[in-house]
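Understanding the architecture of this molecule
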Amino acid sequence: MTQQDIRKVRQEERVAELCAGVVRAFSGERDLHFRGRRLHRGRVPLPWFAPHLHPSPETDDFESFRGVADGLALRIAGSDAALHRTLQPEEPVERMLFEMLEQFRAEALVPEAMAGMRRNLRHRHAQWSLAFHHSGLTETARGLLLYAVAQICRARVSGEQVVEETEDMLEATRFALAPRIGHALGGLRRDRFDQAAYAVHALAIARTVATMLHEAGGDDEAPDARQNDTDDKRSVFSLVAEMDREIVEQHVSAQSGRSRLLEEAGAAYRVFTTEHDREHEAATLVRRELLAELRERLDRRIAAQGVNLARLARELRALLAVPERDGWDGGQEEGRIDGRRLAQLVASPAERRLFRIEREEPLADCVVSFLIDCSGSMKEHAESVAMLVDVLARALEQAGVASEVLGFTTGAWNGGRAQRDWLRAGRPAHPGRLNERCHLVFKAAGTPWRRARAPMAALLRPELFREGIDGEAVDWACTRLRARSEERKLLLVISDGSPMDSATHLANDPHYLDHHLREVLARQEQQRDIAIAGIGVGLDLSPYYSHSHVLDLATSTGNAIFREVIGLMAGRHRH
């Protein structure tokens, strides 16, 4: 990932955080956040609502994102989700249109005093409308019909004009629609404050327009659309139905990251064999002489980084330590009366130091675990990652916080002995994970940094980096953390991509491990005893981790990169 790509991802993070703040503030719901460009309530993604609520960072301006945030806030605050679910139709196209019309109703409820919100909504709708038109989709009968319905219905509900640039183009379609939806259209604005009454008109329009869409496709369509009616339908669905990916999948393809095998098996993740799985102390896999050379190389890199370790330790202590009572300080001029000094008051009536105050010392009852992806693609980042975790482990120790550094990889490429066992067994279908799992311990939580100093350098040995089975590694790291007595537990997963094991992918499906990682994270986060976050090495990990941040390890110097990690621990980054 280039510097420009990283800056783009970070800008997306900032915009998402600002938009989420707007939605939370207006709706009063604290658990709303963007994840993978989709609004979530906790771990649950909210419906897509309407196509204009999904701007592109590449083509849309900041005002569009503000308009989207305002639209989402109005929908959450002004629409009864339970009532809406009972009213929405089953037929996919009708359901898409019904969702869109309900979104228009919610946006029409913008308070009169909020002129800025109204302006943002109008700007976003205009941007989406022009993008739809300029994409060429209004050149087909179906595309023009959908566009006309969106323009006419929103104009009627909101009391605003249709987009001026395309107003003339709509006249013929508006004329054709009038006798079929005119009565229902008139009721939209009249009943906009009554969701149930409004839904009667919205359902009538959705049914009528869905029928017209299925009937459309005459001589005025583009040649490619006439040649392949299915492709034309697909193009319309893909643009308009982003509000509901589950519907789109019925017409296009499965959403990235979903494993049909796991869904059909009730999320029952399988492992073909555990016979060859291993857990190693990383230092045992590297010759002592080589380990010493690697440690010297790592020390040079740390020295070049120019880190203020004492300052870093203070910041970590301030973040992770909690004040604890540690006795009393007597001889004070204010506080609580110290009964032991009352005799002094008799002897010296002017004595003022008769009080005591409670002494508090910061205590860091916390453990931090770093789980490092040791797959092949991470090899080029090994030195930077080793520098990062080594310095943080040392600073955490000075702050009184326990830490451990773990890694995960596989024992072989392309399945190794596990795959050979599978072949000898006759290649049974859907074997599940099909490689030798290898978990590495670079520094245990109970090991001081000085004793782990040499083993940490094993991160620089390229032969350790093979393939990655992330879900099982997260489970393993969480199990180790739960065996610790500290009250507060943090797991930071450092990775540059999705789970990858070629043998498992070929024998199951491409998203088998990806789906399992999501399931593991959802299960672990539900327990709420371990805070889990993803550190993306040049990659946005928010599709997996509800708390994540992108790091640029190549150019960061000084304390800046460590402050970014501290910010992630404090929850100041994407969530």
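Residues numbered from 1 in each chain as written. Predicted model: local features only at pLDDT ≥ 70, side-chain atom pairs only at ≥ 80, totals over all residues. Heavy atoms only, no water.

What about the overall build of the protein chain?
Counting secondary structure elements, the protein chain contains 22 helices and 13 strands. For the protein chain, buried positions account for 51% of its 575 residues. Taking all contacts inside the protein chain whose residues are at least 6 apart in sequence as the whole, residues at least 24 apart take part in 75%. Element-wise, carbon and sulfur atoms account for 49% of the exposed surface of the protein chain, whose accessible area totals about 26700 Å². (Helix = DSSP H or I, 4+ residues; strand = E, 2+ residues; numbered from the N terminus. Buried < 20%, exposed > 50% of the residue type's maximum accessible area, 1.4 Å probe, protein only. Contact = heavy atoms within 4.5 Å. Areas by Shrake-Rupley, 256 points an atom, 1.4 Å probe, with all protein chains shown as cover.)

Topic: the sheet that holds strand E2 (residues 38-41)
On the basis of which strands lie adjacent, the open sheet formed by 3 strands has the order E1-E2-E3 and antiparallel pairing. Of all strands in the sheet, those with a lone pairing partner are strand E1 (32-35) and strand E3 (44-45), marking the two edges. (Pairing = 2+ DSSP bridges.)

Overview of the packing of helix H4 (residues 92-107) against helix H8 (residues 195-215)
At their nearest, the axes of H4 and H8 sit 8 Å apart, and the two run at 140° to each other. Between H4 and H8, the angle falls in the class oblique. In this structure, H4 crosses over H8, and the sense of that crossing is right-handed. Residues Val93, Glu94, Leu97, Phe98, Leu101, Glu102, Phe104 and Arg105 of H4 pack against Gln195, Tyr198, Ala199, Ala202, Leu203, Ile205, Ala206, Arg207, Val209, Ala210, Leu213 and His214 of H8. Residue composition of the contact of H4 with H8, grouped by class: 14 nonpolar, 2 polar and 4 charged. (Axes fitted to C-alpha atoms, helices over the stretch in contact; angles between N-to-C directions. Parallel < 35°, antiparallel > 145°, perpendicular 65-115°, else oblique. Left-handed = near helix turned anticlockwise from the far one by under 90°. Nonpolar A, V, L, I, M, F, W, Y, C, P; charged D, E, K, R; others polar.)

Section: the nonpolar core
With 59 residues, the main nonpolar core has Val368 and Ile494 as its most contacted residues. Among the elements that make up this core, the one with the highest residue count is helix H16 (residues 382-398) (11 residues). Core analysis: the second largest hydrophobic core is formed by 39 residues, Ala108, Ala199, Leu203 and Ile205 among them. (Core = buried A, V, L, I, M, F, W, Y, C linked by side-chain atoms within 4.5 Å.)

Brief notes about the environment of Arg174
Note on placement: Arg174 falls in helix H7 (residues 171-190). Judged by relative accessible area, Arg174 falls into the partly exposed class, the value being 30%. Residues Arg174 and Ile152, 22 residues apart in the sequence, show an inter-C-alpha distance of 7.7 Å. Leave out the neighbours within four places in its chain, and Arg174 touches Ile152 and Val162.

Observations regarding H7
Relative to the 28 Å expected for 20 residues at 1.5 Å per residue, H7 spans just 23 Å between its end C-alpha atoms, considerably shorter than the ideal helical length. Of all bends in H7, the biggest is about 80°, found at Ile181. Against helix H6 (141-158) and H8 lie the buried residues of H7. (Expected span 1.5 Å × (residues − 1). Bend = angle between axes of the 7 residues up to and from the residue.)

Section: helix H18 (residues 449-456)
For the α-helix, the turn length of 3.6 residues means that residues three or four positions removed from each other point alike. Along H18, the positions that sit buried rather than exposed are Trp449, Ala452, Pro455 and Met456. Projected down its long axis, H18 carries its buried residues within an arc of 110°, all on one side. Exposed and facing more than 90 degrees away from the buried side of H18 are Arg450 and Arg451. Against helix H13 (288-305), H16, strand E9 (402-410) and strand E10 (437-443) lie the buried residues of H18. (Arc of directions from axis to C-beta.)

Let's talk about the pattern of salt bridges
Across all of its chains, the model carries 32 salt bridges by this definition. The shortest N-O distance in the salt bridge between Glu99 and Arg75 comes to 2.9 Å. With Glu99 in helix H4 and Arg75 in helix H2 (residues 62-78), this residue pair connects regions lying 24 residues apart in the sequence. Each of the two residues, Glu99 as well as Arg75, counts as buried. When the shortest N-O distance is used, the salt bridge between Arg311 and Glu315 registers 3.6 Å. Residue Arg311 and its partner Glu315 are located together in helix H14 (residues 309-320), separated by 4 residues, close to a single helical turn. (Salt bridge = Lys/Arg side-chain N within 4 Å of Asp/Glu carboxyl O.)

Focus on empty space enclosed by the protein
One pass over the full model with this rule turns up 3 cavities of 30 Å³ or more. By volume, the second largest cavity amounts to about 50 Å³. Those elements that place two or more of their residues in the lining of the second largest cavity are helix H5 (115-134) and H6. In terms of residue class, the lining of the second largest cavity is made up of 3 nonpolar, 1 polar and 4 charged. (1 Å grid on protein atoms, 1.4 Å probe; cavity = no way out; pocket = protein on both sides within 12 Å on 5 of 7 lines; lining within 4 Å. Points joined across faces, edges and corners; volume = space filled by probe spheres on them.)

Brief notes about the packing of aromatic side chains
Inspection of the entire model under this criterion finds 3 aromatic pairs. Each ring, one from Phe132 and one from Tyr147, has its centre 5.6 Å from the other, and the planes form 35°; the classification is tilted. Here the residue Phe132 occupies a position in helix H5, and Tyr147 occupies one in helix H6, the gap between them amounting to 15 residues. A relative accessible area of 0% places Tyr147 in the buried class. Members of the aromatic cluster, joined through ring pairs, are Trp128, Phe132 and Tyr147. Here Arg105 stacks its cationic end above the ring of Tyr198, 5.9 Å away from the centre of that ring. (Phe/Tyr/Trp six-rings, centres within 6.5 Å; stacked < 30°, edge-to-face > 60°. Lys NZ or Arg CZ within 6 Å of the ring centre and 35° of its normal.)

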